[in-house]
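Results of the structural survey
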Amino acid sequence: ICRMINVGLESIVSKVLQGGSVTYKVKLYNDLLEPVLAQENLTVSFDYTLSGITQGDFSNFPISAVIPIGSSEVVVSQDSINGGVVSIGSIVVSIQSMSATTGEYEAQLEKDNSQVILQVAEKQVKVNIGSIAVVKEGNASIVNINATNMDGSPTGLYGDVIVELA
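All of the points below concern the structure found in this document. (Residues numbered from 1 in each chain as written. Predicted model: local features only at pLDDT ≥ 70, side-chain atom pairs only at ≥ 80, totals over all residues. Heavy atoms only, no water.)

Looking at the overall build of the chain
- The helix and strand tally for the chain stands at one helix and 11 strands.
- Mapped from its N terminus to its C terminus, the chain presents α and β elements in the order β-β-β-β-β-β-β-α-β-β-β-β.
- For the chain, buried positions account for 34% of its 166 residues.
- A separation of at least 24 residues holds for 64% of the contacts in the chain among residues at least 6 apart in sequence.
- Element-wise, carbon and sulfur atoms account for 51% of the exposed surface of the chain, whose accessible area totals about 10100 Å². (Helix = DSSP H or I, 4+ residues; strand = E, 2+ residues; numbered from the N terminus. Buried < 20%, exposed > 50% of the residue type's maximum accessible area, 1.4 Å probe, protein only. Contact = heavy atoms within 4.5 Å. Areas by Shrake-Rupley, 256 points an atom, 1.4 Å probe, with all protein chains shown as cover.)

Examining the nonpolar core
- The biggest cluster of nonpolar side chains holds 31 residues, and the ones touching the most others in it are Val-7, Tyr-24, Val-26, Leu-28, Leu-42, Phe-46 and Val-93.
- If you list the elements that add at least two residues to this core, you get strand E1 (5–13), strand E3 (21–29), strand E4 (42–51), strand E5 (64–67), strand E6 (73–79), strand E7 (88–100) and strand E9 (115–121).
- Setting aside chain neighbours within four positions, we find Val-93 in contact with Leu-9, Tyr-24, Phe-46, Asp-47, Tyr-48, Ser-114, Gln-115, Val-116 and Leu-118. (Core = buried A, V, L, I, M, F, W, Y, C linked by side-chain atoms within 4.5 Å.)

Quick look at the side chain of Asp-57
- Checked against the element boundaries, Asp-57 lands in the loop between E4 and E5.
- Of the residues examined, Asp-57 reaches a relative accessible area of 8% and is grouped as buried.
- Of note is the side chain of Asp-57, whose polar atom sits 2.9 Å from the backbone nitrogen of Thr-54. (Polar contact = N/O pair within 3.5 Å; in protein donor to acceptor, adjacent residues only side chain to side chain.)

A short note on the sheet that holds E3
- What the four strands build is an open sheet, ordered E6-E3-E1-E8; its pairing is mixed. Looking at the sheet topology across the chains shown, the edges are occupied by E6 and strand E8 (109–111). Sheet twist, expressed as the average angle between the axes of neighbouring strands with direction ignored, equals 30°.
- Looking at chain direction, E1 and E8 are connected through three bridges and run parallel. Pairing of Val-7 across the sheet is with Lys-111, part of E8. (Pairing = 2+ DSSP bridges. Axes fitted to C-alpha atoms, helices over the stretch in contact; angles between N-to-C directions.)

Shown next, in the form of structure tokens:
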């Protein structure tokens, strides 16, 4: 009896800010949803639908991944770059095709209809102005600016920062 081996996708990290990595895995499983080990290296090719985002918004954009022999899954990571996304962009990933070394093994594989939806959002920075001190010589002012992400964690500033003192 030849049992079918399902090939599917599962989200790991599906929502990030610019500069973050979205990750998902390609997995092999049986009809009882139990992991199945690959009998040989299996190449899985992806199909992407992009919205509000381009391939250029990432430092890597894999078109396929290999589940190595003896493994039941492989993790795929796509690293977004800072400054690429305006607002929120999304990627829908689905399995386009699968290929194995031997036709007998390939005939046992069946892709499921799973998709992963990945989102990358524009990085929002909240800027807190610390203290303002006047230098004793001349009229120059020193401004201390502390930048934090929306969650309060420290971040760097990108681009021009303009401070107007009244």
